[in-house]
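So the chains spell out like this:
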Amino acid sequence: MGIDRLSTLSGAASQHGLPALVIDGGSALTYTALNADGVIVGGGISPGIEMKLKALEQFTGALPLLDIKKETAKLLEKKRPSSIFGKNTNDAIICSVLNEISCHLRGVISVWKKECPCAASKKRARDDNSLPPSQPKTNDEQIVHICGGSGHTIEQLLSMDYGRLIKGPASFDKEDSPIRNKHINGLIHFGITSVVCLHSGRPYEGACIATNVDKYGNSSKKKKPSDNDEDFDYYIGVEVAKDFNEPDADGDFTYRGHVVKYEMYQSGRLFRVVYTDGDEEDVGEDQLKEMISHHQMIGAKRVDPVKQPYHFIGSRVAKIFFDNMVFYGTITSYDNGFWNIEYDDGDMEDFDETDLNTAIELYDGKKSNDPETMFERLPSWTS
């Protein structure tokens with residue numbers, strides 16, 4: 001078994017405990033499991049979503065090569081989930097592939113739940129197929145961890161409504177126990193960190209995963225070291241912003257970027273910042289803190305709804321009704337200048353550009369109360 005799969009297993013165990021199941025939606029679709037004793041049960045490997053699409057194009061004479069992101073965006077534009085009986089070639093391909101992935105993984109999860117119950121044996125086995133013991137946590141909710149480039153699509157397919165992408169088999173519509181899953185970017189790094197801390201004797205304080213990671217990939221709950229803490233790895237990956245005299249391609253004088261590394265020199269510690277346009281710069285700690293504060297004030301760069309209207313499909317929004325009551329909903333489709341919103345209570349409404357910007361801005365301020373994301377928050381834990 002490859003070190004990448006072992007590392008993601010360790011990362012899953014460090015986040016939610018044992019038993020653990022990791023689904024990695026990369027070029028190859030893999031699943032790997034640990035039982036409640038920390039013993040590696042095994043896993044499986046099959047073609048990933050993009051590999052399936054490429055194979056259909058390469059090994060047939062006339063089928064097109066489909067882009068999974070574009071095709072899923074088209075499916076979400078429809079008012080209802082698509083049937084697995086496609087009416088045209090593109091729908092026949094994409095709905096079939098998505099249905100195969102969904103049925104395959106739901107079957108894997110069902111078997112894992114039965115064969116790897118939460119209760120560990122009284123005497124924990126230690127053999128070559130075991131991961132090192134870590135935190136005494138139990139994955140009571142049997143949360144499934146998802147990672148990889150196709151992780152978001154897989155997360156949608158494993159939801160109760162299949163992410164509104166396809167109309168799934170009726171036998172899955174009335175599941176007694178819904179699948180609890182968590183899509184975590186960088187799960188492999190969490191695993192490596194937990195193992196390094198274990199063998200170095202340093203306490204692993206857990207990866208403080210954001211309460212709600214936004215569509216730009218920004219997280220808001222990263223632990224900051226104390227003034228006496230010499231571990232400046234905290235700053236790696238932190239988002240920053242800085243004003244320049246020359247505007248970017250969109251006419252914005254504020255450039256955004258992130259920290260990629262730091263080095264110690266005689267003059268002090270310097271942090272390497274890579275901006276979104278590819279330029280790089282080394283800055284000192286004081287300047288870095290100013291750049292971090294600047295980014296926190298202005299936030300991530302907004303996407304222009306007129307230029308990229310489909311970018312917002314699937315995003316959460318909020319709107320105030322009645323006596324200052326905040327209702328939450330999801331953008332389901334876009335058509336001719338209007339975005340369709342489906343509220344959590346089932347009502348629907350169309351937003352124009354002004355309505356959309358207002359709803360997004362309100363949600364940014366109220367997202368901590370969003371009932372859809374509240375149960376997904378991961379608490380940090382210490383040894």
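Refer to the structure presented above.
Every chain is numbered on its own, with residues counted from 1 as its sequence reads. Predicted model: local features are reported for residues with pLDDT of at least 70 only, side-chain atom pairs are reported and counted for 80 or more only, and whole-chain, interface and lining totals are derived from all residues. With hydrogens and water set aside, each side-chain value is computed from the structure's full complement of heavy atoms.

S.K.: Give me the lowdown on the overall build of the protein, citing residues and values where you can.
M.R.: Secondary structure counts use DSSP, requiring at least four H or I residues in a row for a helix and at least two E residues in a row for a strand, with both numbered from the N terminus. The helix and strand tally for the protein stands at nine helices and 13 strands. The method behind every accessible area is Shrake-Rupley, applied with a 1.4 Å probe, and residues are considered shielded solely by the protein chains displayed. Of the roughly 21400 Å² of accessible surface on the protein, a fraction of 51% belongs to carbon and sulfur atoms.

S.K.: Describe the packing of helix α3 (residues 68-77) against helix α4 (residues 89-115), and please don't skip the residues or the numbers.
M.R.: Between α3 and α4, the shortest axis-to-axis distance is 11 Å and the interhelical angle comes to 95°. Classified by the angle their axes make, α3 and α4 are roughly perpendicular. Contacts from I68, E71, T72 and L75 of α3 reach α4 at N90, D91, I94, C95 and L98. Taken together, the residues of the contact of α3 with α4 break down into five nonpolar, two polar and two charged. Only the stretch in contact is used when fitting a helix axis, every axis being a line fitted to C-alpha atoms; angles between N-to-C directions are given from 0 to 180 degrees. With respect to orientation, any angle under 35 degrees is reported as roughly parallel, any angle over 145 as roughly antiparallel, any angle of 65 to 115 as roughly perpendicular, and every other angle as oblique. Any pair of residues with heavy atoms lying within 4.5 Å of one another is described as a contacting pair. Under the scheme applied, nonpolar residues are Ala, Val, Leu, Ile, Met, Phe, Trp, Tyr, Cys and Pro; charged residues are Asp, Glu, Lys and Arg; polar residues are all the others, including Gly.

S.K.: How would you summarise the side chain of D24 if you had to cite specific residues and measurements?
M.R.: Residue position: D24 is located in strand β1 (residues 20-25). The buried label goes to any residue with under 20% of its type's maximum accessible area, the exposed label to any with over 50%, and the partly exposed label to all in between, with areas taken from a 1.4 Å probe on protein chains only. Charged residues are defined narrowly, with Lys and Arg counted positive, Asp and Glu counted negative, and His plus the chain ends left uncounted. Salt-bridge detection follows one rule: a side-chain nitrogen of Lys or Arg within 4 Å of a carboxyl oxygen of Asp or Glu. Despite its burial, D24 pairs with no opposite charge; the closest candidate is R5, at 7.4 Å N-O.

S.K.: How would you sum up the pattern of salt bridges? Please name residues and give values.
M.R.: Taken as a whole and assessed by the stated rule, the structure comprises twelve salt bridges. Salt-bridge contacts for K242 lead to E281; the nearest nitrogen and oxygen are separated by 2.7 Å. Here E281 lies in strand β9 (residues 280-284) and K242 lies in strand β6 (residues 239-243), a separation of 39 residues in the sequence. Taking relative accessible area as the criterion, K242 reaches 17% and is therefore assigned buried.

S.K.: Kindly report on the nonpolar core, identifying the contributing residues and their values.
M.R.: Nonpolar side chains in soluble globular proteins tend to end up buried together. Working definition of a nonpolar core: buried Ala, Val, Leu, Ile, Met, Phe, Trp, Tyr and Cys residues. They are joined through side-chain atoms within 4.5 Å. One finds I23, L53, I94, L98, I101, I154 and L158 to be the most contacted residues of the largest nonpolar core, which totals 31 residues. Elements with a minimum of two residues in this core: β1, β2 (28-34), α2 (49-58), α3, α4, β4 (144-147) and α5 (151-157). By residue number, the principal contributor to this core is α4, which donates ten residues. Not counting chain neighbours up to four residues away, the residues in contact with I94 comprise L53, L66, I68, E71 and L75.

S.K.: Can you break down the packing of aromatic side chains residue by residue, with the values?
M.R.: Between the rings of Phe, Tyr and Trp (Trp by its six-membered ring), a pair exists once the centres lie within 6.5 Å; its type follows the angle of the planes, with under 30 degrees stacked, over 60 edge-to-face, and the other angles tilted. Across all of its chains, the model carries five aromatic pairs by this definition. Geometrically, the ring pair formed by Y334 and W339 is tilted, given 4.8 Å between the ring centres and 50° between the ring planes. Take Y334 and W339: they sit in the same class, and that class is buried. Feature note: the residues F244, Y255 and Y275 constitute an aromatic cluster, connected by ring pairs. Charges are assigned to positions over rings by a cutoff of 6 Å between ring centre and Lys NZ or Arg CZ, combined with an angular limit of 35 degrees from the ring normal. Over the face of the ring belonging to Y162 we find R106, whose NZ or CZ atom lies 4.1 Å from the ring centre.

S.K.: Give a detailed account of the sheet that holds strand β8 (residues 268-275), specifying residues and quantitative values.
M.R.: By way of backbone hydrogen bonds, the strands of a sheet pair with one another, either parallel or antiparallel. What the four strands build is an open sheet, ordered β6-β7-β8-β9; its pairing is antiparallel. A single partner strand is all that each edge strand has here, and the edge strands are β6 and β9. The mean angle between the axes of side-by-side strands here comes to 45°, regardless of whether they run parallel or antiparallel. Pairing between two strands is assigned when DSSP locates at least 2 bridges connecting them. As defined by bridge partners, strand β7 (residues 254-265) adjoins β8 across eight bridges and the pair is classed as antiparallel.

S.K.: Please provide a residue-by-residue account of the pairing of strand β11 (residues 325-335), values included.
M.R.: In this structure, strand β10 (residues 316-321) lies alongside β11, joined through six bridges in antiparallel fashion. Looking at the pairing, I320 lines up with V326 of β11. Bridge count for β11 against strand β12 (residues 338-343) is six bridges, and the pairing is antiparallel. Note that in β12 the partner of D335 across the bridge is F338. Hairpin connection of β11 to β12: two residues between the antiparallel strands, including N336 at a positive phi of 50°.

S.K.: Hey, could you go over the sheet that holds β11 for me, with residue numbers and the actual values?
M.R.: With antiparallel pairing, the four strands of this open sheet are ordered in space as β10-β11-β12-β13. With one partner strand each, in any of the chains shown, β10 and β13 (348-351) form the two edges of the open sheet. Sheet twist, expressed as the average angle between the axes of neighbouring strands with direction ignored, equals 40°. Where helix α8 (residues 353-366) meets the sheet, its contacts fall on β10, β11, β12 and β13, and the angle it forms with β10 comes to roughly 95°.

S.K.: An account of unusual backbone geometry is requested, with residue identities and associated values reported.
M.R.: A cis amide bond, omega 0°, links L18 with the succeeding residue P19. Examined against the element boundaries, P19 turns out to sit in the loop between α1 (3-16) and β1. Phi at R164 takes a positive value of approximately 60°, unusual for a residue other than glycine. Considering the arrangement of structural elements, one finds R164 in the loop between α5 and β5 (181-183). You will see that N336, though not glycine, has its phi angle at about 50°, which is positive. With respect to the helices and strands, the residue N336 is situated in the loop between β11 and β12.

S.K.: So what about α1? Which residues, and what values?
M.R.: The length a helix should cover is 1.5 Å for every residue beyond the first. For α1, spanning 14 residues, the distance from its first C-alpha to its last is 20 Å, which sits close to the expected 20 Å at 1.5 Å a residue. Here α1 lies mainly inside the structure; eleven of its 14 residues are buried. Looking at α1, one finds that the buried residues are R5, S7, T8, L9, S10, G11, A12, A13, S14, Q15 and H16. Of the residues one or two after α1, G17 is the one with positive phi, at around 90°.

S.K.: Give a description of α3 that names residues and reports values.
M.R.: Those residues of α3 not exposed but buried are I68, E71, T72, A73, L75 and L76. In the core, the buried residues of α3 are packed alongside α2, α4, α5 and β11. A 3.5 Å cut-off defines polar contacts: any pair of N or O atoms within that distance qualifies, except that in protein one atom must be a possible hydrogen donor and the other a possible acceptor, and neighbouring residues in sequence count only when both atoms are side-chain atoms. One side-chain oxygen at the N-terminal end of α3 lies 2.9 Å from the backbone nitrogen of K69; it belongs to D67.

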